[in-house]
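Fold and contact review
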Amino acid sequence: PSWFPCNDRPSSKTTYRLAITAPTTHLVVSNGTLVSTSRHASSTTWVYDQPEPMAPYLATVQIGRYQLRELDAIVPLYAAVPSRLVPKYDAAFGQQPEMIKAFTRLFGDYPFARYSVVITEDELEIPLESQGLSTFGANYLVTDWDAERLIAHELSHQWFGNSLTLEAWHDIWLHEGFACYAEWLWSEESGKASAHERALKHWDRLDSLDQDLVLADPGPELMFDDRVYKRGALLLHALRLTLGDEEFFEVLKAWTGEHAHSTVSTEMFIAFVEEQTGTSVTELFEEWLSEEALPELPAAG
């Protein structure tokens, strides 16, 4: 709401058409697909069309002296990178085509027409996903696991958060728990630690921290607490252990397919899992969502 008038609620999804005029020396990247550019004396107007409904908080306009690169992937993939940083890009972000391929197999079809990454000149404390694109600071052009996992994390938000968007903020785990679990799935897919190994490590870490967070409604002060991310991911791993891999991944693909570009809630997800699998999971979710104490991970089903 600081840059355009809107009903700034995640459930207020609508289509967008954005026209941005900037100096011709600069590149403009925004949500959706670029449909036209119009050159003026010293400026250019860029028009982007976002036909899939989008929550207001996911709207973004990135303007800078970027080079635009088109990369080889199963969906149109672009990178806007400052010239001086181009040599570092491939080493840090070169696995994105494989990430897209893996997540498409695990989560279902990529939900938008394209995916773009913007690398800013500045360093940023955290990266940020927007619909159809993610923004990273120059400090993420490194090759360690912490950077790699966040590249996977922001990409996975295109399914969990952007296509399927929570109705109310108390259900933030539906975005961040899924995106955190996608990090662990990418680790598994790329031959690093398995999701189970990651889960055990983070369970031990959470067990050593304060047990004063309720995942179902962490409140505004704790809604982006790292424990929301990790406990949400652990809940999904607990569900995977309960259902088994085949049913778990069938549920994820059905969930993203049937609710694409819509608004969802925790209650909807629980009911969906039970309807799809014929397995009662209400008690499992109740433990992880409504109790402060950290539950034990279940044995594999």
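Data block above holds the structure.
Just so it is clear, the structure is predicted and the values come from calculations on it, not from any experiment. (Residues numbered from 1 in each chain as written. Predicted model: local features only at pLDDT ≥ 70, side-chain atom pairs only at ≥ 80, totals over all residues. Heavy atoms only, no water.)

Okay, helix H4 (residues 173–189) next. Since the α-helix turns once every 3.6 residues, residues separated by three or four places project in the same direction. The terminal C-alpha atoms of H4 lie 23 Å apart, and with 17 residues this matches the ideal 24 Å at 1.5 Å per residue to within 8%. Taken across its 17 residues, H4 has 15 buried, putting it largely inside the fold. Once H4 finishes, Gly 191 follows within two positions and takes phi at roughly 85°, a positive value. (Helix = DSSP H or I, 4+ residues; strand = E, 2+ residues; numbered from the N terminus. Expected span 1.5 Å × (residues − 1). Buried < 20%, exposed > 50% of the residue type's maximum accessible area, 1.4 Å probe, protein only.)

On to the nonpolar core. Membership of the largest hydrophobic core comes to 78 residues, with the highest contact counts inside it found for Trp 173 and Phe 269. Here this core takes ten residues from helix H7 (residues 226–243), the largest share from any one element. Sequence-distant contacts of Trp 173, defined by excluding residues within four places in its chain, comprise Phe 178, Leu 215, Val 228, Gly 232, Leu 235, Leu 236, Thr 266, Phe 269, Phe 285 and Leu 289. One finds Tyr 16, Trp 46, Tyr 48 and Val 118 within the second-largest nonpolar core, a separate group that totals 18 residues. (Core = buried A, V, L, I, M, F, W, Y, C linked by side-chain atoms within 4.5 Å. Contact = heavy atoms within 4.5 Å.)

What follows covers the side chain of Ser 265. On the secondary structure map, Ser 265 appears in the loop between strand E12 (262–264) and helix H9 (266–277). Owing to a relative accessible area of 9%, Ser 265 belongs among the buried residues under this scheme. If we ignore the near neighbours within four places in the chain, the residues touching Ser 265 are Glu 167, Asp 171, Leu 174 and Trp 255.

For the structure on display, the rule yields 14 salt bridges. Across the pair Glu 148 and Lys 192 runs a salt bridge, and its minimum N-O distance is 2.8 Å. Taken together, the residues span a long stretch of sequence, with Glu 148 in helix H3 (residues 145–156) and Lys 192 in the loop between H4 and helix H5 (195–207) at a distance of 44 residues. Residue classification places Glu 148 among the buried positions, given a relative accessible area of 8%. (Salt bridge = Lys/Arg side-chain N within 4 Å of Asp/Glu carboxyl O.)

The next thing to look at is the sheet that holds strand E8 (residues 115–119). Strand order in the open sheet made by the five strands is E6-E7-E8-E10-E9, with mixed pairing throughout. With partners counted over all chains shown, the strands left at the sheet margins are strand E6 (66–71) and strand E9 (128–130), one partner each. Direction aside, the axes of adjacent strands within the sheet are offset by 20° on average. Across six bridges, the pairing between E6 and strand E7 (residues 77–82) is antiparallel. Each residue of the ladder has a partner; that of Tyr 66, found in E7, is Pro 82. Seen against the sheet, helix H1 (residues 86–93) touches E6, E7, E8 and strand E10 (133–136) and runs at an angle of roughly 40° to E6. (Pairing = 2+ DSSP bridges. Axes fitted to C-alpha atoms, helices over the stretch in contact; angles between N-to-C directions.)

A word on unusual backbone geometry. At His 261, a residue that is not glycine, the phi angle is positive and equals roughly 60°. Among the structural elements, His 261 can be located in the loop between helix H8 (245–258) and E12.

As a further point, take the environment of Phe 178. Structurally, Phe 178 is set in helix H4. Sequence separation of Phe 178 and His 237 is 59 residues, and the distance between their C-alpha atoms is 10.0 Å. Excluding residues that lie within four positions of it along the chain, Phe 178 makes contacts with Phe 160, Trp 173, Leu 236, Leu 252 and Phe 269.

Take the packing of helix H2 (residues 96–107) against H4 next. Closest axis-to-axis distance for the H2/H4 pair is 11 Å, and the angle between their directions is 110°. The pairing of H2 with H4 is recorded here as roughly perpendicular in orientation. Pair H2 / H4 crosses with right-handed handedness. Of H4, the residues touching H2 (which contributes Glu 98, Met 99, Ala 102, Phe 103, Arg 105, Leu 106 and Phe 107) are Ala 182, Leu 185, Trp 186 and Glu 189. For the contact of H2 with H4, the class distribution of residues is eight nonpolar, no polar and three charged. (Parallel < 35°, antiparallel > 145°, perpendicular 65-115°, else oblique. Left-handed = near helix turned anticlockwise from the far one by under 90°. Nonpolar A, V, L, I, M, F, W, Y, C, P; charged D, E, K, R; others polar.)

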